[in-house]
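Next come the chains, spelled out residue by residue.
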Amino acid sequence: MAVPKKKTSKSCRDMRRSHHALGKINVIADKSTGDYRLSHHINPLDGTYNGRQILVAREKVESEDVE
């Protein structure tokens, strides 16, 4: 079984793990609604992308009492 000859220092250990950090999420404010969304994604509220209407806008569904 392979066993290290010397103890790995904290500095070497942490330098090896330097690439393990998570990247930042690219969140932007939408130009038309002002809500936050991911860049290069369709706005789910009004269905627009790059100033063009792509999907039909979602409408708020009111809950109805079913009896």
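Residues numbered from 1 in each chain as written. Predicted model: local features only at pLDDT ≥ 70, side-chain atom pairs only at ≥ 80, totals over all residues. Heavy atoms only, no water.

Asker: How would you summarise the pattern of salt bridges if you had to cite specific residues and measurements?
Answerer: Using the criterion set out here, one finds two salt bridges in the structure. The salt bridge involving Arg13 is made with Asp14; its shortest N-O contact spans 3.1 Å. Residue classification places Arg13 among the partly exposed residues on the basis of a relative accessible area of 30%. The shortest N-O distance in the salt bridge between Asp30 and Arg37 comes to 2.8 Å. Using a relative accessible area of 16% as the deciding quantity, one classes Arg37 as buried. (Salt bridge = Lys/Arg side-chain N within 4 Å of Asp/Glu carboxyl O. Buried < 20%, exposed > 50% of the residue type's maximum accessible area, 1.4 Å probe, protein only.)

Asker: Now, about unusual backbone geometry: what can you tell me, with residues and values included?
Answerer: Comment: phi is negative for the bulk of residues other than glycine, and the bulk of peptide bonds are trans. A positive phi angle, close to 65°, is found at His40, a residue other than glycine. By secondary structure assignment, the location of His40 is in the loop between strand E2 (36-38) and strand E3 (48-49). Overall, His40 belongs to the exposed group, its relative accessible area being 68%. For Asn50, which is not glycine, the phi torsion reads 55° and is therefore positive. With respect to the helices and strands, Asn50 occurs in the loop between E3 and strand E4 (52-53). (Helix = DSSP H or I, 4+ residues; strand = E, 2+ residues; numbered from the N terminus.)

Asker: I'd like a rundown of the side chain of Arg37, residues and numbers included.
Answerer: If you trace the backbone, Arg37 turns up in strand E2. Separated by 2.8 Å, the side chains of Arg37 and Asp30 make a polar contact. Setting aside residues no more than four positions away along its own chain, Arg37 makes contact with Asn26, Val27, Ile28, Asp30 and Asn43. (Polar contact = N/O pair within 3.5 Å; in protein donor to acceptor, adjacent residues only side chain to side chain. Contact = heavy atoms within 4.5 Å.)

Asker: If you had to explain the side chain of Asp30 to someone new, which residues and values would you point to?
Answerer: You can see Asp30 is positioned in the loop between strand E1 (27-29) and E2. Sequence-distant contacts of Asp30, defined by excluding residues within four places in its chain, comprise Asp35, Arg37, Asn43 and Asp46.

Asker: Describe in detail the confidence of the model for the chain, supporting the description with residues and values.
Answerer: On average, residues of the chain score 85 in pLDDT, and 84% of them reach the 70 mark or higher. The least confident element of the chain is E3, whose mean pLDDT is 87; the most confident is helix H1 (residues 10-16), at 96. (pLDDT = per-residue confidence, 0-100.)

Asker: Summarise the environment of Tyr49; cite the residues concerned and give the values.
Answerer: Along the chain, Tyr49 falls in strand E3. For Tyr49 and Asp30, which are 19 residues apart along the polypeptide, the C-alpha to C-alpha distance reads 9.7 Å. Tyr49 has contacts with His40, His41, Ile42 and Ile54, leaving out every residue within four places of it along the chain.

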